[in-house]
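Each chain, letter by letter, is given below.
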Amino acid sequence: MSVLDIMKERYSAREYLDRKVEKEKIDIILEAARVAPTGCNFQPFKIVVIESEEGLKRLKNCVSRDFAPPLAFLVFADNDKVWTRKYDGKKIGDIDAAIVTDHMMLAATELGLGSVWICNFKPEEVKKNFDIGDNFTPVNLLYVGYASCEKKSSLRHDKERKSIEDITVYM
């Protein structure tokens, strides 16, 4: 399957089987995160892997809507190590974390796993429940597991997405 095929195959899975994700698959997802590009290759992120019953219970208190995944990845930006654009002082930790999360999500899809990217969480609750240091900001949450919901067609993009002409400007 090509990368574009994997991208079209991916959908937001909001229901999961009560089945653990194998360690080998978790390792592949983490390898996808590790090789993700970041600004100046600073790699300013940390990932908390949550698969224990206790960890998932703590995570449930941090989100507005829980989809009961068997596995979650919290992606944090390291504010002390992030590349900063000199022209306006923009720190790109959130961008780096998004790239990392996207790589993980696509790797999960290739492995036959469902995922849903969550940004609607309580950052202070996440920091309280999963403290990895004051310099880290929680950016993304990725739920992963064996989806029990109906898989969406990869052809849906033809109807649900804007056309290339609508999103592109040539100069």
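What you see is a predicted model; the values in this text were computed from it and never measured.

1. Here we look at the overall build of the chain
Alright, step 1. Within the chain, the regular secondary structure consists of seven helices and four strands.
Alright, step 2. For the chain, the α and β elements follow one another from N to C terminus as α-α-β-α-β-α-β-α-β-α-α.
Alright, step 3. Taken over the C-alpha trace, the chain has a radius of gyration of 17 Å; the compact-globule value for 171 residues is 16 Å, and the two agree within 12%.
Alright, step 4. Along the three orthogonal principal directions, the C-alpha set of the chain runs to about 55 × 40 × 30 Å.
Alright, step 5. Among the 171 residues that make up the chain, the fraction classed as buried is 41%.
Alright, step 6. Contacts spanning at least 24 positions in sequence make up 81% of the contacts within the chain whose residues lie at least 6 apart.
Alright, step 7. With 27 positive and 28 negative side-chain charges, the chain shows a separation of 2 Å between the mean positions of the two kinds.

2. A few points about the state of the cysteines
Alright, step 1. Scanning the model with the defined rule gives zero disulfides in all.
Alright, step 2. Between Cys149, a free cysteine, and Cys119, which holds the nearest cysteine sulfur, the sulfur-to-sulfur gap is 19 Å.

3. Remarks on the environment of Thr38
Alright, step 1. With respect to the element layout, Thr38 can be found in the loop between α2 (23-34) and β1 (45-50).
Alright, step 2. Separated by 55 residues in sequence, Thr38 and Gly93 have C-alpha atoms that sit 8.6 Å apart.
Alright, step 3. Leave out the neighbours within four places in its chain, and Thr38 touches Gln43, Pro44, Phe45 and Asp96.
Alright, step 4. Within the structure, the side chain of Thr38 is placed 3.0 Å from the backbone nitrogen of Gln43, a separation counted as a polar contact.

What counts, and where the lines are drawn
Residues numbered from 1 in each chain as written. Predicted model: local features only at pLDDT ≥ 70, side-chain atom pairs only at ≥ 80, totals over all residues. Heavy atoms only, no water. Helix = DSSP H or I, 4+ residues; strand = E, 2+ residues; numbered from the N terminus. Rg over C-alpha atoms; globule rule 2.2 N^0.38 Å. Buried < 20%, exposed > 50% of the residue type's maximum accessible area, 1.4 Å probe, protein only. Contact = heavy atoms within 4.5 Å. Lys, Arg positive; Asp, Glu negative; His and termini not counted. Charge placed at Lys NZ, Arg CZ, Asp CG, Glu CD. Disulfide = S-S within 2.5 Å. Polar contact = N/O pair within 3.5 Å; in protein donor to acceptor, adjacent residues only side chain to side chain.

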